[in-house]
Amino acid sequence: MMSFGAIWTQFFPPRNGAPLTEANLPNQTGRVFIVTGGSSGLGYELSRILYGAGGKVYILTRSKEHAEDAISRIKAHYDRSGDDRAKAGGGAQGQDAGATLGTLEFIPMDLIDFTTVKAAAQEFLGREERLDVLFNNAGTGARRNAPLTRQGHEYHFVINSLGPYLLTQLLMPLLSKTAKYSPKDSARVVWAASLLVELTSPKGGIRKEFLHDGRSVKDENELYASSKTANWFLASEFARRSSDTGVVHIAGNPGNYATNIWRHVPRLLYYLVWPLLRDPIHGAETYLWMAFSELVTMDEAISGRYAICDGRWHPGQRKDLLVALRSIEEGGSGRAAEYFDWCEGKVGEFVQ
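Residues numbered from 1 in each chain as written. Predicted model: local features only at pLDDT ≥ 70, side-chain atom pairs only at ≥ 80, totals over all residues. Heavy atoms only, no water.

Quick word on the nonpolar core
With 59 residues, the main nonpolar core has Phe124, Leu171 and Tyr339 as its most contacted residues. Element by element, the count of residues in this core is highest for helix H5 (residues 155-180), at 14 residues. Among all residues touching Tyr339, those that are not within four sequence positions of it are Phe157, Ser161, Leu162, Ile206, Leu211, Ala230, Phe233 and Leu234. Val35, Ala67, Met298 and Ala301 belong to the second-largest nonpolar core, a separate cluster that totals 40 residues. (Core = buried A, V, L, I, M, F, W, Y, C linked by side-chain atoms within 4.5 Å. Buried < 20%, exposed > 50% of the residue type's maximum accessible area, 1.4 Å probe, protein only. Helix = DSSP H or I, 4+ residues; strand = E, 2+ residues; numbered from the N terminus. Contact = heavy atoms within 4.5 Å.)

What follows is the structure, given as structure tokens:
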């Protein structure tokens, strides 16, 4: 069991406690980022901040219309900021003051269909020679009676974890290349998890039966929680298996926010939790810490460290989940490694 304090601090993080925000984020000119689901919610705020810091940001999402609207709104935000500074006669503080803006690009990708994931990766690789940070932000909430995906797999796992796994595998060669000529531990992959990882996932994070038969679990809430736990398992396994690449993989709970991830949740439940939901900007600040903090290192990633909202390390996860991270030889259950291998089997034909 986790402590009450570990749960409480994720519902009610310290006020103004984020160590990295758009006000103090270092200049990102010359660096390249991918933000999946970057047209709304946390992804939108993150894309906006990275663009404002001078980074080149690729938004990978399903809808061209939504992506173009997001890009227009982001640019308009900084146009207004520039006008406000001019009216005030300068003197603005933080990121906006004299900042060189970056660029925003769109590549279509629908995580529910592996062919579009591969096509998106190939398009990106044809356009860029570096990738500094991949933000696997896009995801879905719990959806009752969710359809199977294009390739016939379970909906929540594909969108939240298996699709991002495929994208990451396809981009790892470029991430590794970037890591070789970048500062130590600065090339990273950020994996989005959830508070429900520890609150509602089954013992061991993912049922062994599910890995043998994806139809064995029917409850959408468990499927959601397990698919988010899966991202922690993937981050840990990537770090363990590919530490020689220099690419740091880190997972964490960005927090609880008012975004469209709630669109499939019963309206009554949404209204009940609404008072606990924060502005998505704070989730973006969690991602900033995961992507840029010097406290996030390869050693921490290999050990399975897990981030929580506003940029902190988790004070102590559930014992059964920590056991799942360790191999059988290390006294663990090996469930994380088993899940990684399961992913390899499911997407192998698309990695060729």
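Comments concerning the sheet that holds strand E6 (residues 248-252)
One open sheet accounts for eight strands, arranged E3-E2-E1-E4-E5-E6-E7-E8; its pairing is mixed. Two strands in the sheet have a free side with no partner beyond their single neighbour: strand E3 (103-108) and strand E8 (312-313). Bridge count between strand E7 (residues 306-308) and E8: two bridges; the pairing is antiparallel. The partner of Ala307 across the bridge, within E8, is Trp313. Relative to the sheet, helix H4 (residues 114-127) contacts strand E1 (32-36), strand E2 (56-61) and E3, its axis offset from that of E3 by approximately 145°. The strands touched by helix H8 (residues 220-241) within the sheet are strand E5 (188-192), E6 and E7, with E6 carrying the most contacts at an inclination of about 160°. (Pairing = 2+ DSSP bridges. Axes fitted to C-alpha atoms, helices over the stretch in contact; angles between N-to-C directions.)

Focus on the packing of aromatic side chains
All chains considered together, the criterion is met by 20 aromatic pairs. Taking 5.9 Å as the distance between ring centres and 85° as the angle between the ring planes, the aromatic pair formed by Phe33 and Phe292 counts as edge-to-face. Pair noted here: Phe33 is in strand E1 and Phe292 is in helix H10 (residues 281-292), with a separation of 259 residues, a long-range link. Comparing Phe33 with Phe292 shows no difference in burial state: the two are buried. Taking the centre distance of 5.0 Å and the plane angle of 80° together, the rings of Trp289 and Trp313 count as edge-to-face. With Trp289 in helix H10 and Trp313 in strand E8, this pair connects stretches of sequence that are 24 residues apart. Across the pair, exposure class does not vary: Trp289 and Trp313 are buried alike. By way of ring pairs, the aromatic residues Phe4, Trp8, Phe11 and Phe12 are connected into one cluster. Across from the ring centre of Tyr44, 4.4 Å away, lies the NZ or CZ of Arg73, which sits over that ring. (Phe/Tyr/Trp six-rings, centres within 6.5 Å; stacked < 30°, edge-to-face > 60°. Lys NZ or Arg CZ within 6 Å of the ring centre and 35° of its normal.)

A look at the pattern of salt bridges
Counted by the stated rule, this structure contains 21 salt bridges. Lys56 is paired through a salt bridge with Glu128; the nearest N and O atoms lie 2.6 Å apart. Of the two residues, Lys56 is situated in strand E2 and Glu128 in the loop between H4 and strand E4 (133-136); the sequence distance between them amounts to 72 residues. For Glu128, a relative accessible area of 11% translates into the label buried. Two residues, Asp113 and Arg150, come together in a salt bridge whose shortest N-O distance is 2.8 Å. (Salt bridge = Lys/Arg side-chain N within 4 Å of Asp/Glu carboxyl O.)

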